[in-house]
Structure formats: C-alpha cells, structure tokens
Amino acid sequence: MTQTTERTDERTEHRSGSRTEIVRPSTWSPAQLLAAAAGAFLVIVGGVALARTGFADLTTTEVMVLGMGHTTLLGIIEVLLGITMLADAANPFFSRGTLISTGVIVAIFGAIAAIEPAAFNDWFGVNTGSGLGFVAAGLVAALAGFLSPVIRTDR
C-alpha cells in the first residue's frame, strides 16, 4: 500500500489504498478562555453598575459594585470592553492581542487613578483602591496574553 500526502492550504489528505483521511489543522490558545472569562466578568460588573445607576446621567450617580465605585459611564465602558473581549475570544490570535492591549490600557488607567484619584473620580467614581484593582487586573491580563501560547493541532 502506498501512502501519498497532498498538502493544501487548510487540509491534508492521506491516501492509503482506497481510504482517504482528511486532516484539518486547528489552532487554539488558553488566552481564548481567559478573554472569554474576563469579558463575561466585565459585562456582568458593568451591567450591575448600569442597573444600579440607571441612564439618567453619565457621571453624577455613583454606586459600589464589588467594592469599587462606578458611574454610568464606567459601566458602559466595562460592558463594551467585555463584549469586545467576548467577540475576540473566538480567535486565538485576537484573544492574545486583546488581553495584552486591554491589560496595558487598564493598568495605565489604574496607575493614574491610584496616584491621582481626583483625575477620574468625577467621571468614573474611582479612588485609590479602585485604581490599584485596575492595575492588578490589567497586569494579570497583559501577562496572560503574553504567556499564552497558540497551539496548533491536527484533527
């Protein structure tokens, strides 16, 4: 029995006698699971903040969600960021990039809020503690994106 292998863009055919087996490579990354979990968490936290503040104004009503101050504006941003992360979780390359870029931006925002809480308190309702929480979350997300490999498997 002769075995021939033909390679095309997305599949490999192995022929052995009268049997043909099609192997399609797939890629995935642990970053996809992390991006999906982080996105779902942001949608939930932002949604709770929006449910508590309502939409009457963007910045004057402040509520506490998980011990952190939130305004309507911060809730909207969290929901939109969470939806973006959920959408990007479908692709291993997008999820890594989203975790890295979002993590860095959130960590920078948190550092500014921790150092100078008055800079964002009126708009987002954050304080020093919230800023430190954003720094920690941002660093974890960015590191997870950097360290998560993209794994290619043949199935």
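Up top is the structure these notes are about.
This section reports on the structure supplied with the text. Everything numeric here is computed off the predicted structure, so don't read it as measured data. (Residues numbered from 1 in each chain as written. Predicted model: local features only at pLDDT ≥ 70, side-chain atom pairs only at ≥ 80, totals over all residues. Heavy atoms only, no water.)

Let's shift gears to the overall build of the protein chain. Secondary structure assignment for the protein chain yields five helices and seven strands. When the helices and strands of the protein chain are listed from N to C terminus, the series reads β-β-β-β-α-β-β-α-α-α-α-β. For the protein chain, long-range pairs separated by at least 24 residues make up 58% of all intrachain contacts whose partners lie at least 6 apart in sequence. As displayed, the protein chain has an accessible area near 9000 Å², and 66% of this comes from carbon and sulfur atoms. (Helix = DSSP H or I, 4+ residues; strand = E, 2+ residues; numbered from the N terminus. Contact = heavy atoms within 4.5 Å. Areas by Shrake-Rupley, 256 points an atom, 1.4 Å probe, with all protein chains shown as cover.)

This brings us to the pairing of strand β5 (residues 62-65). Regular strands show a simple pattern: their side chains alternate between the two faces of the sheet. Covered by surrounding structure in β5 are Val63 and Val65 only, the residues Glu62 and Met64 on the alternate face being uncovered. Sheet analysis places β5 next to strand β6 (residues 68-71), joined by four bridges and oriented antiparallel. Among the inter-strand pairings, Met64 is bridged to a residue of β6, identified as Gly69. Counted between consecutive antiparallel strands, the loop separating β5 from β6 contains two residues, among which Leu66 sits at a positive phi close to 55°. (Buried < 20%, exposed > 50% of the residue type's maximum accessible area, 1.4 Å probe, protein only. Pairing = 2+ DSSP bridges.)

In this structure the tally under the stated criterion is four aromatic pairs. With a centroid separation of 5.5 Å and an interplanar angle of 85°, the aromatic rings of Phe109 and Phe124 are classed as edge-to-face. With a gap of 15 residues between them, Phe109 in helix α3 (residues 92-115) and Phe124 in helix α4 (residues 118-124) connect regions that are remote in the sequence. Accessibility expressed as a relative area gives 17% for Phe109, which makes it buried. Relative to Phe134, the ring of Phe109 has its centre 5.2 Å away and its plane inclined at 75°; by these criteria the two rings are edge-to-face. Taken together, the positions of Phe109 in helix α3 and Phe134 in helix α5 (residues 128-147) put the pair 25 residues apart, joining distant regions of the chain. Linked through ring pairs, Phe109, Phe120, Phe124 and Phe134 together constitute an aromatic cluster. (Phe/Tyr/Trp six-rings, centres within 6.5 Å; stacked < 30°, edge-to-face > 60°.)

Here we come to the environment of Gly46. By secondary structure assignment, the location of Gly46 is in helix α1 (residues 30-53). Judged by its relative accessible area of 0%, Gly46 is buried. As for Gly46 and Gly82, which are separated by 36 residues in sequence, their C-alpha atoms are 8.5 Å apart. The residues touching Gly46, leaving out its near neighbours within four places in the chain, are Gly75, Glu78 and Val79.

Next up on the list: the packing of α1 against helix α2 (residues 72-88). For the pair α1 and α2, interaxial distance at closest approach is 7 Å and the crossing angle is 155°. Our classification of the angle between α1 and α2 gives roughly antiparallel. Of the two possible hands of crossing, α1 and α2 adopt the one that is left-handed. Looking at side-chain class alone, the contact of α1 with α2 contains 15 nonpolar, seven polar and one charged residues. (Axes fitted to C-alpha atoms, helices over the stretch in contact; angles between N-to-C directions. Parallel < 35°, antiparallel > 145°, perpendicular 65-115°, else oblique. Left-handed = near helix turned anticlockwise from the far one by under 90°. Nonpolar A, V, L, I, M, F, W, Y, C, P; charged D, E, K, R; others polar.)

In this section: unusual backbone geometry. The residue Leu66 is not glycine, and still its phi comes out positive at about 55°. Relative accessible area serves as the criterion here: at 63%, Leu66 is assigned to the exposed category.

To continue, consider the nonpolar core. Soluble globular proteins tend to bury their nonpolar side chains together. In terms of nonpolar packing, the biggest core is built from nine residues, these being Leu73, Leu74, Val106, Phe109, Ala113, Phe120, Phe124, Val126 and Phe134. Every element with two or more residues in this core is listed here: α2, α3 and α4. Counting residues per element, this core draws most heavily on α3, which supplies three residues. With near-sequence residues (within four places) excluded, Phe124 lies in contact with Gly69, His70, Thr71, Leu73, Leu74, Ile77 and Phe109. Judged by nonpolar contacts, the second largest core, of seven residues, contains Ala35, Ala89, Leu99 and Ala141. (Core = buried A, V, L, I, M, F, W, Y, C linked by side-chain atoms within 4.5 Å.)

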